[in-house]
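An overview of the molecular structure
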Amino acid sequence: MASTSSLSRWVKVDSSDSRIFYSDTWPHANAPLAYAGSLRGTRTPGYQAFRFVGNAARVVGFNSTQPVYAGDDLGTIEPEWICFLNGTASPRPLRSSYVVNPWVVCDFPDLPTGRHTIEINVTSTSTRWFWLDEIQYNPGGLVQDEVMIVRYDDVNVTYSGGWEPYYQDTFVVGRSTNIGGSTATLRFFGNEVTVVAAYPDRAPQDLIRATYSIDGRRGGFSIQNGGGASDFYRRVVRLYDLSNGEHTLELTFNGGINDIPLVLVEFWVKEGTHPYHVAGPTYTSPGVPSITGAERSGARGVTRIAPLFSVIAGLLVLSVFATLY
């Protein structure tokens, strides 16, 4: 199992965050399966811009093959958009063959650590809505005051026996078990944690049952099949009233060898700062440099960022880590 320290943990920035600039009007839409329960979208030309300090980023949208709300009439023409990095157009990720959440619409890997500007220019009109869910970036260092992604293979996630890699196509997107009593344990610093799991595709309409314990508290949860293709990115537990400190969360699978396996994808940790076992200083996140009014009107200090990105009409999971909701 590959280990990932918090130095490679990514930050989640919701589409409603004030650090993201939108041109013209990008309406909000309630979407329970979205990261923070809502999306920003457009079906006319427009752009979105975001600045960050780090070494990688990606823009995540929502799949347009399923309606987000009643007003989304699912036009037959897919949106068109262009991804920009520091004013230069970048290749667009391939469309996923799955109906998944989230869908990565722009990907900017392997950047030199420093300040960067990413933009999405939506160029089409009268098409499906382009829905933006969130932006994720790798700060390349330890940050505070952010929501961090702790993957299934993070150094602070440990497993009992009975867990195996879970594949989507040829990509490992989580760890799974169908051995009753198997546990997965996360040690973390923070004041809120969300557990994200998946329901395996081609599985019968059965519940997945499990329990959790943290700081002496215990509870249970179940995962219901959503039908159709793999339905990743499912938030199954959210614990938001924790003291701001170190915690140990343990998940236990309550099924058996003939039941649907529990598939663990990742955790979202608020105020997550560093690995449990690492000592040393952290620094406050520099955040995203604000985009000034002059820049918004086009006079950007660096390369002009043309109208970009129109929220995602589909979600590919990063390297297909099809999101289960």
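These numbers were taken from a predicted model, which means no experiment stands behind them.

Some points on the packing of aromatic side chains
- Counted by the stated rule, this structure contains 10 aromatic pairs.
- Judged by centre distance (6.2 Å) and plane angle (10°), the ring pair of Phe50 and Phe52 falls under stacked. As far as the burial class goes, Phe50 and Phe52 line up, both buried.
- For the ring pair Trp81 and Phe130, a centre distance of 5.0 Å and an interplane angle of 45° mean the geometry is tilted. Here Trp81 is found in strand E7 (residues 81–85), whereas its partner Phe130 is found in strand E11 (residues 130–138), with 49 residues between them in sequence.
- The exposure class assigned to Phe130 is buried, which follows from its relative accessible area of 0%.

Topic: the state of the cysteines
- For the structure shown, the criterion picks out 1 disulfide.
- One disulfide in the model links Cys83 with Cys106; its S-S distance is 2.0 Å. Linking Cys83 and Cys106, the disulfide has an S-S dihedral of approximately -85° and is accordingly described as left-handed. One end of the pair, Cys83, is in strand E7; the other, Cys106, is in strand E9 (residues 103–108), with 23 residues separating them in the sequence. We note that Cys83, like Cys106, is buried.

Brief notes about the nonpolar core
- If you look at the biggest cluster of nonpolar residues, it comprises 30 residues, and the most contacted ones within it are Val193, Phe221, Leu249, Leu264 and Phe267.
- Mapped onto this core, the elements with two or more residues apiece are strand E13 (157–159), strand E16 (183–190), strand E17 (192–199), strand E18 (208–214), strand E19 (217–223), strand E20 (231–239), strand E21 (245–253) and strand E22 (262–270).
- Not counting chain neighbours up to four residues away, the residues in contact with Phe221 comprise Ile208, Arg209, Ala210, Thr211, Tyr212, Val236, Val237, Leu251 and Leu262.
- Grouped together as the second largest cluster of nonpolar side chains are 26 residues, Phe52, Ala57, Cys106 and Phe130 included.

A word on the environment of Pro165
- Within the secondary structure, Pro165 sits in strand E14 (residues 164–168).
- Pro165 sits 13 residues away from Tyr152 along the chain, and the two C-alpha atoms are 9.7 Å apart.
- Residue contacts for Pro165: discarding those within four places in its chain leaves Val172, Gly174, Arg175 and Ser176.

Description of the side chain of Thr117
- Structurally, the position occupied by Thr117 is in strand E10 (residues 114–122).
- One polar contact links Thr117 to Arg51, side chain to side chain, over a distance of 3.0 Å.

Observations regarding the pattern of salt bridges
- Within the structure shown, the criterion is met by 8 salt bridges.
- Of the charged contacts in the structure, one is a salt bridge between Asp154 and Arg9, with a shortest N-O distance of 2.8 Å. Taken together, the residues Asp154 in the loop between strand E12 (147–151) and E13 and Arg9 in the segment before strand E1 (10–14) connect sequence positions 145 residues apart. As far as the burial class goes, Asp154 and Arg9 line up, both buried.
- Salt-bridge contacts for Arg151 lead to Asp153; the nearest nitrogen and oxygen are separated by 2.7 Å.
- Overall, the relative accessible area of 28% leaves Arg151 in the partly exposed class.
- A single network of salt bridges, built from pairs that share partners, joins Asp17, Arg19 and Glu146.

Structural notes on the side chain of Thr183
- Locating Thr183 in the fold gives a position in strand E16.
- According to the relative accessible area criterion, Thr183 is buried, its value standing at 16%.
- In this structure Thr183 touches Thr158, Tyr159, Ser160, Trp163, Glu250, Leu251 and Thr252, once residues within four positions along its chain are discounted.

Quick word on the sheet that holds E21
- The strand order across the open sheet built from 5 strands is E13-E16-E21-E18-E19, with neighbouring strands paired in antiparallel fashion. Whereas interior strands pair on both sides, the edge strands pair on one side only; in this sheet they are E13 and E19. Put simply, the sheet's adjacent strands are angled 20° from each other on average, direction ignored.
- Judged from the 7 bridges that link them, E18 and E19 form a sheet pairing that is antiparallel. Along E19, the bridge assignment pairs Ile208 with Ile223.

Topic: the sheet that holds E7
- Across the sheet, 5 strands lie side by side as E2-E5-E10-E7-E8; this open sheet has antiparallel pairing. At either margin of the open sheet sits one strand with a lone partner, and together these are strand E2 (20–22) and strand E8 (88–90). Direction aside, the axes of adjacent strands within the sheet are offset by 25° on average.

Some points on unusual backbone geometry
- A positive phi angle, near 55°, is found at Asp110, a position not held by glycine.
- For Asp110, a relative accessible area of 75% gives the class exposed.
- The phi angle at Asp215 is positive, at roughly 50°, despite the residue not being glycine.
- Residue placement: Asp215 occurs in the loop between E18 and E19.

Cut-offs used in this document
- Residues numbered from 1 in each chain as written.
- Predicted model: local features only at pLDDT ≥ 70, side-chain atom pairs only at ≥ 80, totals over all residues.
- Heavy atoms only, no water.
- Phe/Tyr/Trp six-rings, centres within 6.5 Å; stacked < 30°, edge-to-face > 60°.
- Buried < 20%, exposed > 50% of the residue type's maximum accessible area, 1.4 Å probe, protein only.
- Helix = DSSP H or I, 4+ residues; strand = E, 2+ residues; numbered from the N terminus.
- Disulfide = S-S within 2.5 Å.
- Core = buried A, V, L, I, M, F, W, Y, C linked by side-chain atoms within 4.5 Å.
- Contact = heavy atoms within 4.5 Å.
- Polar contact = N/O pair within 3.5 Å; in protein donor to acceptor, adjacent residues only side chain to side chain.
- Salt bridge = Lys/Arg side-chain N within 4 Å of Asp/Glu carboxyl O.
- Pairing = 2+ DSSP bridges.
- Axes fitted to C-alpha atoms, helices over the stretch in contact; angles between N-to-C directions.

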